[in-house]
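Structure at a glance
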Amino acid sequence: MTALFDDAQSRLTDVMKHIELSDDVLERLQHPKLALTVSIPVRMDDGSLRVFTGYRVQFDDTRGPTKGGIRYHPAVNLDEVTSLSFWMTIKCAVVGLPFGGAKGGIAVNPKELSRLELERLSRGYIRAIADVIGPKRDIPAPDVYTNATIMGWMANEYDQIMREQLPGVITGKPVHLGGSLGREAATGQGALYVLQQWAARNQLDPGQTTIAVQGFGNAGYHFARLASQAGFRIVALSDSQGGIHSTAGLDPELIMQHKRTRRELKAMLYCDSSVCEEASYEALSNADLLELDVDVLVLAALENQITEQNAPQIHARQLLEIANGPVDSRADTILSERGIPVLPDVLVNAGGVTVSYFEWVQNRAGFYWDEDEINERLKIIMDREAQCLFELADDKQISLRTAAYLHGIERISGAMTEHGTREYFQKQPGTRQHA
Ligand code: NAD
């Protein structure tokens, strides 16, 4: 039942070998602060009533209000949401944002709902969790199968409940409703900044670097588009329906145009028209894409995509995790033994939450920045933290993931320790005993 969370927690065991963590800190990092399960009744278009199950988990708020996306997917469950909230806690600390971690989700297949049903469900979810969120408390954002429009409905519902305009309650909103410029592409942009730092450090020439991307959604598309513009060669793309491959290289923008004209909500990458003929593609399954012989395999779909089953068959020279938790801990060990570095999710996909942080700052200040300023600020943070992490991994001869956890947990531990730990209270000399 708690498989994913147990796996997520096993990373802490690795970190423990390299850091002196107070028992207090370790104990607190093993339990979410709040885990809420809600029932959301929705009147469907045919007049029937359906009750959906939703979750909001706030893992830790020592470093600031909690922050984390909302996922709509049939497989959403408390174990997954708790794991994602734990990763958010680490991620916000890795890039030094003044936030703790949270996550939310609804077990639903949004492709089966009409837009009106989707709006009722999204507003119903906010009514159900309104008591625990807020601009100074817990700030949701988009995740898998949620988008800016849904965030706009949610922010509006919250304003109606609170009887005031509080745009800082949710990030990833449409730009016309207080969203930040650059937010939509931020996760892909941040991932590219990390890849560029890695490439410079390891003498990878973009023009000679082939990339396969699993998950051609928001994060994967913007990454592929920007990486292609930066000179990298995208040779394969996939979504939940299947993938395409072309050694000559694919144009992500052209493929996305093709995908959008076919059907808006349902993801389709089957290429049977001129677009794919032009690219002289070959169709391939998701499993095959993961095993392609490429320089960089980018994982931008869901968790647990690389496991002990397929890790021995990975031919990529390095992995870039844009999705959260796409490589499980056993696969991590196998890849590490095979000398395949994994650039970890808690750094690579942190561009999204970083620009969400910028959106929250802009909403609270009521003063908005232009896109260049946002990307410059994003680059400063991603470059700085990536460099720091790569150096830590080299100095201590540890994996990039362990270095990332070490880096983040040191900040979390610093904050928790300031409140006092067992060691502090036991060692305090000359403390007056109060009756
Ligand atoms: P999205 O819903 O826009 O895209 C997900 C994509 O993955 C879709 O194209 C879907 O068809 C595809 N997909 C699903 N199952 C697949 C499979 N088995 N094989 C190949 N493709 C598959 O979601 P997103 O926002 O792009 O998020 C993707 C991942 O990135 C998630 O793990 C999410 O938590 C993570 N992430 C996203 C952001 C963000 O800002 N969007 C930020 C941080 C992390």
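Residues numbered from 1 in each chain as written. Predicted model: local features only at pLDDT ≥ 70, side-chain atom pairs only at ≥ 80, totals over all residues. Heavy atoms only, no water.

Turning our eyes to something else, we now look at the overall build of the protein chain. What the protein chain contains, in helices and strands, is 16 helices and 12 strands. A compact globule built from 435 residues should have a C-alpha radius of gyration of about 22 Å, and the protein chain, at 22 Å, falls within 12% of that. Here the C-alpha coordinates of the protein chain stretch approximately 85 × 60 × 45 Å along the principal axes. In the protein chain, which comprises 435 residues, the proportion classed as buried is 57%. Expressed as a percentage of contacts within the protein chain between residues at least 6 apart in sequence, the contacts between residues at least 24 apart total 70%. Carbon and sulfur atoms make up 48% of the accessible area of the protein chain, which amounts to about 18900 Å² in all. Side-chain charges of the protein chain comprise 43 positive and 57 negative groups, with the mean position of each set lying 5 Å from the other. (Helix = DSSP H or I, 4+ residues; strand = E, 2+ residues; numbered from the N terminus. Rg over C-alpha atoms; globule rule 2.2 N^0.38 Å. Buried < 20%, exposed > 50% of the residue type's maximum accessible area, 1.4 Å probe, protein only. Contact = heavy atoms within 4.5 Å. Areas by Shrake-Rupley, 256 points an atom, 1.4 Å probe, with all protein chains shown as cover. Lys, Arg positive; Asp, Glu negative; His and termini not counted. Charge placed at Lys NZ, Arg CZ, Asp CG, Glu CD.)

Turning next to the site of the ligand. Taken together, 26 residues form the shell around the ligand, and within it D143, T187, N218, A219 and N324 come nearest. With respect to the ligand, the side chain of R183 contributes an N or O atom lying 3.3 Å from an oxygen atom. At a separation of 3.0 Å, an oxygen atom of the ligand approaches a polar backbone atom of S240. Those elements giving two or more residues to the shell around the ligand turn out to be α6 (183–201), α7 (218–229) and β7 (233–239). Its residues placed into classes, the shell around the ligand shows 10 nonpolar, 11 polar and 5 charged. (Near = heavy atom within 4 Å. Polar contact = N/O pair within 3.5 Å; in protein donor to acceptor, adjacent residues only side chain to side chain. Nonpolar A, V, L, I, M, F, W, Y, C, P; charged D, E, K, R; others polar.)

On to the pairing of strand β8 (residues 242–245). Here β8 shows no split at all, with G242 and I244 on one side and G243 and H245 on the other all buried. Two elements, β7 and β8, share 4 bridges in a ladder whose sense is antiparallel. For D239, the partnering residue across the bridge sits in β8 and is G242. Hairpin remark: β7 followed by β8, antiparallel, with 2 residues in the connecting loop. Strand direction decides the pairing type here: β8 and strand β9 (residues 282–284), joined by 3 bridges, are antiparallel. Directly across from I244, in β9, lies its bridge partner A283. (Pairing = 2+ DSSP bridges.)

To continue, consider helix α4 (residues 115–129). If you check α4, its first and last C-alpha atoms are 21 Å apart, about what 15 residues at 1.5 Å a residue would give, namely 21 Å. On its buried side, α4 packs onto β1 (34–43), β2 (49–60), β3 (66–73), β4 (100–107) and α5 (148–162). (Expected span 1.5 Å × (residues − 1).)

Our focus in this paragraph is the sheet that holds strand β10 (residues 296–299). Adjacent strands of a sheet pair through backbone hydrogen bonds, lying either parallel or antiparallel. Read from one edge of the open sheet, 7 strands run β9-β8-β7-β6-β10-β11-β12, paired in mixed fashion. Whereas interior strands pair on both sides, the edge strands pair on one side only; in this sheet they are β9 and β12 (342–343). Running over the sheet, α6 touches β6 (210–214), β10, β11 (318–321) and β12 and is turned about 155 degrees from β11. Running at roughly 165 degrees to β6, α7 makes contact with β6, β7, β10 and β11 of the sheet. (Axes fitted to C-alpha atoms, helices over the stretch in contact; angles between N-to-C directions.)

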